[in-house]
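# Residue-level structural notes
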Amino acid sequence: MLRLYSKIFKTGVLTEKVPKPPSPGIGVAEREEAIEQVGRALKGIVDKRFRGSLAIRQVDAGSCNGCELEIHALNNVYYDVERFGVHFVASPRHADVLLVTGPVSRHMEAALKRTYEATPDPKWVIAVGDCGACGGEFGVSYASCGAVSNVIPVDLAIPGCPPSPLALLQGLLSLCGRQ
Amino acid sequence: MSVDSLTSLRLKLAAQDIDNVSSVHRFLSPAMVLQLDARDWGKAAEITKSEHWRWAGIWAEDRGAELVVNACLEHQGSYLILRTLLTPERAILPSQAPHYWAADRPERHIRDLFGIHFEGHPDPRRWIRHQAWDENVFPLRKHFAAAGTPPGETPPDRDYPFLKAEGASVYEIPVGPVHAGIIEPGHFRFQAVGETVLHLEERLGYVHKGIEKLAEGRDPAGLARLAGRVSGDTTVGHTWAACMAMERAAGIEIPLRAAYLRGLLAERERVINHLWDLGALCNDVGFAFGHYQFGRLREQWLRENQLHFGHRLLMDRIVPGGVAVDLGPDAAGTMGRSIAALRGELDELLTILDSNSSLEDRFLGAGVLSTELAAALGALGFVGRSSGQTFDVRRDAPYAPYDRLTFNVPTESQGDVASRFWVRYKELRVGLRLLEALLEGLPEGMVAVPWQIPPEGAEGFAAVEGWRGEILCYVRFGAGNAIARYWPRDPSIVNWPALEKLVLGNIVPDFPVCNKSVNGSYSGHDL
């Protein structure tokens, strides 16, 4: 146990300040400001509008699992998305935001719609990755509905294959920073 | 393949009156092809089973006037492909599932997508088909348009006939397809008494994206991109397999430097996924320290991927003819330092984890897959190797660059969650040594050769060891450089049934860690 504590102390705090976005691509005015400022603004919005906690339900509606890996990374010690009051929840009934990946497979179409309906209003939907944004490598076929917006209303798309944790964080901040 | 083992098999087949076997083709090298009459299909499986061949996969192909069915078997590193021809009017074949457990779901997959009826198959239920297309149309027949028919809204698959268990105090738990975590969709149906799992049935197919159909008509570069998205965590493995199959079909030899770079990419993918799984296994038993430590190390390696290869998950780095990225002169030095650093970190973490009795309590004896069952299922990768199955394509059917390297393949025989944890840990260590050897031996030269359009009908077969285990791939070209058939086989397809068995008798709350210890890909299974 002593070794464990010693390892924890040696590891220290790695959580990083969020840098400025490297290039345009998210599509909101806030990207020009330092993200740290937006982060603080986000925290303010989350505190005010969401009583200190923004709850995200992630839904894989047909992805290759690449996006899931990067969404998971948001919770690692470098990004630590919870410091902005943002956290992932197990049920759509607890969620403010649905983070949806994949070209929506036809076999997931009904499940995605039900998940959307189970999410209380007001709610936001973020389509994650090239597949979620436009169908990506898979497009529309006998087995795939393509973009998430072909199935449920989408408020923001974050492209990338997969989008990096930084791109995901910037997308999240920009959506919540909207007036 | 040794000529002896094939001759011996042919004699065995002849002794069972299976003598209408056409000559051995070499065009699917390194695999050999034996063509049989359809009526002998089941009996041939019975014989190969008795000769200890492992059943590895099946694929079919619509060539207009005929349907071609291929079953892939492996024995001591030799691959054999049994092939038979059917007419579309009489698409009936004896099932191999009564002889090989592993054939169960793949045959149902083919029935759903090609309409080939497997006589004597023990399970008449559909598998990959939910409701996205009608029962009597078959998406992998050539005349089926990839776009399908205007579908309207696809109804949920609510009437799948799960096995039922009834009795006092037996209850059922349906889980999914939308799970509680950040994870792919699938459905699990548990029957339990108290906390004990009596029965588990998997229902997959939720992320079927029509990959095999989408591949038709693509050019080699397009197929490589698609292969990189069969399963996002195995993007290197599947792209490598697809490119190797295409290169063999086209008769292209990649430069040795490209082979070494592919090896570097594959071993880095192995390291990253094993780090992630070790962390996730700790997380599933509430050991947050392990989760964050392994997650931290993984993130460092993802960033190094970005630095040296331009992509965190290494997508689209392998291309037909070679690789799309070369290493700078300083890369070997910085990578060498991070390998040494990771090794030191793992030493330190090993000491901490090994002395943690609560971790031991949850891992030891949980989710046991016996050696016998693993052999019967043909379990692959770390799942097989934790249950006494020693097979590793890199060592047993080696390809460049592994044919130039020596390394050990860690195995365990207890078959529990702890074994699968430690086999991964040991594979990490082996992976680090392999990375050093690859960096040290990295030859000079080109990283790709130009693509040559293969003749119409050219076929290629490949087996590579992805981080989950053996990945198989078959490719056939049509006219004008266009893919006519792409068949990827992820090891998950073989390993998913193992989860149904190893969870029996465990408590429901241990299911997540049992599931994670196998870590099957849903996308790679559903295709």
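Residues numbered from 1 in each chain as written. Chains lettered and ligands numbered in written order. Predicted model: local features only at pLDDT ≥ 70, side-chain atom pairs only at ≥ 80, totals over all residues. Heavy atoms only, no water.

Where an unreviewed UniProt entry is consulted, chain B appears under the name NADH-quinone oxidoreductase subunit C, with the organism given as Methylococcus capsulatus.

The following threshold applies: UniProt positions are given in the numbering used here, feature names are shortened, and annotations may be inferred rather than shown by experiment.
As recorded by an unreviewed UniProt entry, chain A carries the name NADH-quinone oxidoreductase subunit NuoB and is attributed to Methylococcus capsulatus. The UniProt entry for chain A carries the following text under Sequence similarities (unreviewed entry): "Belongs to the complex I 20 kDa subunit family." Here is the UniProt Cofactor (unreviewed entry) comment for chain A, exactly as written: "[4Fe-4S] cluster".

## Comments concerning the overall build of chain B
Quick note on the threshold: Secondary structure elements are taken from DSSP: a helix is a run of H or I of four residues or more, a strand is a run of E of two residues or more, and numbering for both begins at the N terminus. C-alpha atoms define the radius of gyration, and 2.2 Å times the number of residues to the power 0.38 defines the globule rule. When a residue's accessible area, from a 1.4 Å probe over protein chains only, is under 20% of the maximum for its type it is buried; when over 50% it is exposed; and in between it is partly exposed. Any two residues whose heavy atoms approach within 4.5 Å at even a single point are treated as in contact. Computed by Shrake-Rupley with a 1.4 Å probe, the accessible areas treat only the displayed protein chains as cover when residues are assessed. Asp and Glu are treated as the negative residues and Lys and Arg as the positive ones, with His and the ends of the chain left uncounted. Charge coordinates come from a single atom per side chain, which is NZ of Lys, CZ of Arg, CG of Asp or CD of Glu.
Assigned secondary structure in chain B consists of 17 helices and 15 strands. Relative to the 2.2 N^0.38 estimate, which gives 24 Å for 527 residues, the radius of gyration of chain B is 23 Å and therefore close to what a compact globule would have. Each principal axis of the C-alpha distribution contributes one length, and for chain B these read about 70 × 65 × 50 Å. The buried share of chain B, taken over its 527 residues, is 63%. Taking as baseline every contact in chain B between residues at least 6 positions apart, the subset at least 24 positions apart corresponds to 68%. Of the roughly 18,200 Å² that chain B leaves accessible, carbon and sulfur atoms contribute 52%. Charged side chains of chain B number 55 positive and 67 negative; the gap between the two group centres comes to 2 Å.

## Quick word on the environment of G167 of chain B
All names here are of chain B. Position of G167 among the secondary structure elements: in the loop between β7 (117-119) and β8 (170-175). We classify G167 as partly exposed; its relative accessible area is 45%. Distance from G167 to V193, taken between C-alpha atoms, is 9.5 Å for residues 26 residues apart in sequence.

## Regarding the side chain of E202 of chain B
All names here are of chain B. Applied cut-off: Think of a polar contact as two N or O atoms within 3.5 Å of one another; within protein, one of them needs to be a possible hydrogen donor and the other a possible acceptor, and neighboring residues in sequence only count if both atoms come from side chains.
Along the chain, E202 falls in strand β10 (residues 196-203). The exposure class assigned to E202 is buried, which follows from its relative accessible area of 1%. Side-chain polar atoms of E202 contact the side chain of R105, separated by 2.8 Å. Setting aside anything within four residues of it in sequence, one finds E202 in contact with R105, W127, H187, F188, W496, P497, L499 and E500.

## A few points about unusual backbone geometry
Along the chain, D121 of chain A connects to P122 of chain A via a cis peptide bond; the corresponding omega equals -5°. In this structure, P122 of chain A sits in the loop between α4 (109-118) and β4 (124-128). Residue P177 of chain B follows G176 of chain B across a cis peptide bond; omega there is 15°. Relative to the helices and strands, P177 of chain B resides in the loop between β8 and β9 (187-193). A positive phi angle, close to 70°, is found at L314 of chain B, a residue other than glycine. Within the secondary structure, L314 of chain B sits in the loop between α8 (288-309) and β11 (318-319).

## Quick notes on the UniProt feature "domain: NADH:ubiquinone oxidoreductase-like 20kDa subunit" (unreviewed entry) in chain A
Within this numbering scheme, the UniProt entry marks residues 64-174 of chain A as carrying the feature "domain: NADH:ubiquinone oxidoreductase-like 20kDa subunit" (unreviewed entry). In the segment residues 64-174 of chain A, helix accounts for 31% and strand for 14%; the C-alpha atoms at its two ends are 26 Å apart.

## What about the packing of aromatic side chains?
Residue and element names in this part refer to chain B. Stated precisely, the cut-off is as follows: In this analysis, rings of Phe, Tyr and Trp, with Trp reduced to its six-membered ring, are considered paired at centre separations within 6.5 Å, and the interplanar angle assigns stacked below 30 degrees, edge-to-face beyond 60, and tilted for intermediate values. To sit over a ring, a charge needs its Lys NZ or Arg CZ within 6 Å of the ring centre and within 35 degrees of the ring normal.
Summed over all chains, the structure comprises 20 aromatic pairs over all chains. The interplanar angle of 40° and the centroid separation of 6.1 Å between the aromatic rings of W451 and F477 together place this pair among those described as tilted. Taken together, the residues span a long stretch of sequence, with W451 in the loop between α14 (417-441) and β13 (459-466) and F477 in strand β14 (residues 469-477) at a distance of 26 residues. What makes W451 partly exposed here is its relative accessible area of 23%. Judged by relative accessible area, which is 0%, F477 ranks as buried. Taken together, the ring pairs in this structure connect F188, F190, W496, F511 and Y522 into an aromatic cluster. Seen from the ring of F391, R54 lies directly overhead, with NZ or CZ sitting 4.7 Å from the centre. Lying over the aromatic face of Y160, R203 brings its terminal NZ or CZ to 3.9 Å of the ring centre.

## A word on the pattern of salt bridges
Residues and elements named next belong to chain B. We apply this condition: By definition, a salt bridge exists where a carboxyl oxygen of Asp or Glu is found within 4 Å of a side-chain nitrogen of Lys or Arg.
Applying the stated criterion across every chain yields a total of 56 salt bridges over all chains. Where R63 meets E459, a salt bridge forms, and the shortest distance between an N and an O atom there is 3.4 Å. Within this pair, whereas R63 is found in the loop between β3 (54-62) and β4 (67-75), its partner E459 is found in strand β13, the two being separated by 396 residues in sequence. Classification of R63 as partly exposed rests on a relative accessible area of 29%.

## Points about the sheet that holds β8 of chain B
All names here are of chain B. Heads up, the rule is: A pair of strands is treated as paired once DSSP finds two or more bridges between them. To get an axis, a line is fitted to the C-alpha atoms, and for a helix only the part in contact is used. The angle between two axes follows their N-to-C directions and goes from 0 to 180 degrees.
Spatial strand order, β8-β9-β10: 3 strands in an open sheet with antiparallel pairing. Because the sheet does not close on itself, it has two edges, and the strands there are β8 and β10. When the angles between neighbouring strand axes are averaged without regard to direction, this sheet yields 20°. The pairing of β9 with β10 spans 7 bridges and is classified as antiparallel. By the bridge assignment for β10, F190 is matched with L200.

## Here we look at the interface of chain B and chain A
What counts, and what does not: When two parts are put together, the accessible area they lose, computed with a 1.4 Å probe and summed over both, is reported as buried area.
Across the contact, 68 residues belong to chain B and 52 residues belong to chain A. Overall, the association of chain B and chain A removes approximately 4,800 Å² of surface from exposure, summing both partners, and the carbon and sulfur fraction of that is 61%. Broken down residue by residue, the surface that chain B buries against chain A is led by I182, K209 and R229 of chain B, which jointly contribute 15%. Linking chain B with chain A are 7 salt bridges. Across the salt bridge formed by K113 of chain A and E153 of chain B, the nearest N and O atoms sit 3.0 Å from each other. Linking chain B with chain A are 26 residue pairs in polar contact (both at pLDDT 80 or more). Those elements that place two or more of their residues in the side of chain B that touches chain A are α4 (211-214), α5 (220-227), α8 and α9 (331-354) of chain B. For the side of chain B that touches chain A, the element with the highest residue contribution is α8 of chain B, accounting for 10 residues.

## A closer look at the UniProt feature "domain: NADH:ubiquinone oxidoreductase 30kDa subunit" (unreviewed entry) in chain B
The UniProt record marks residues 55-149 of chain B with the feature "domain: NADH:ubiquinone oxidoreductase 30kDa subunit" (unreviewed entry), using the residue numbering of this structure. Helix makes up 12% of residues 55-149 of chain B and strand 34%, and the two end C-alpha atoms of the span are 35 Å apart.

## Details of the nonpolar core
So the rule is basically this: Throughout this description, the term nonpolar core refers to a set of buried Ala, Val, Leu, Ile, Met, Phe, Trp, Tyr and Cys residues connected via side-chain atoms within 4.5 Å. Reported domain spans reflect what an automatic or database domain assignment gives.
Grouped together as the largest cluster of nonpolar side chains are 176 residues, with contacts concentrated most on Y79, I116 and Y486 of chain B. Residue assignment places this core across two domains, with domain 1 (3-119) and domain 2 (253-450) of chain B each supplying three or more. In this structure, Y486 of chain B is in contact with I211, E212, A215, L223, A227, V230, A242, C473, Y474 and V475 of chain B, ignoring residues within four places of it in sequence. Counting 24 residues, the second largest nonpolar core, distinct from the first, contains F50, I71, V97 and L175 of chain A.

## As for the sheet that holds strand β15 (residues 483-489) of chain B
Residue and element names in this part refer to chain B. Within the open sheet, the 3 strands sit side by side as β13-β14-β15. Their pairing is antiparallel. Each edge of the open sheet carries a strand with a single partner, namely β13 and β15. Mean inter-strand twist for the sheet, computed between neighbouring axes without regard to direction, equals 15°. Bridging between β13 and β14 involves 8 bridges; their strand directions are antiparallel. Across the sheet, residue A463 finds its bridge partner in β14, namely L472.

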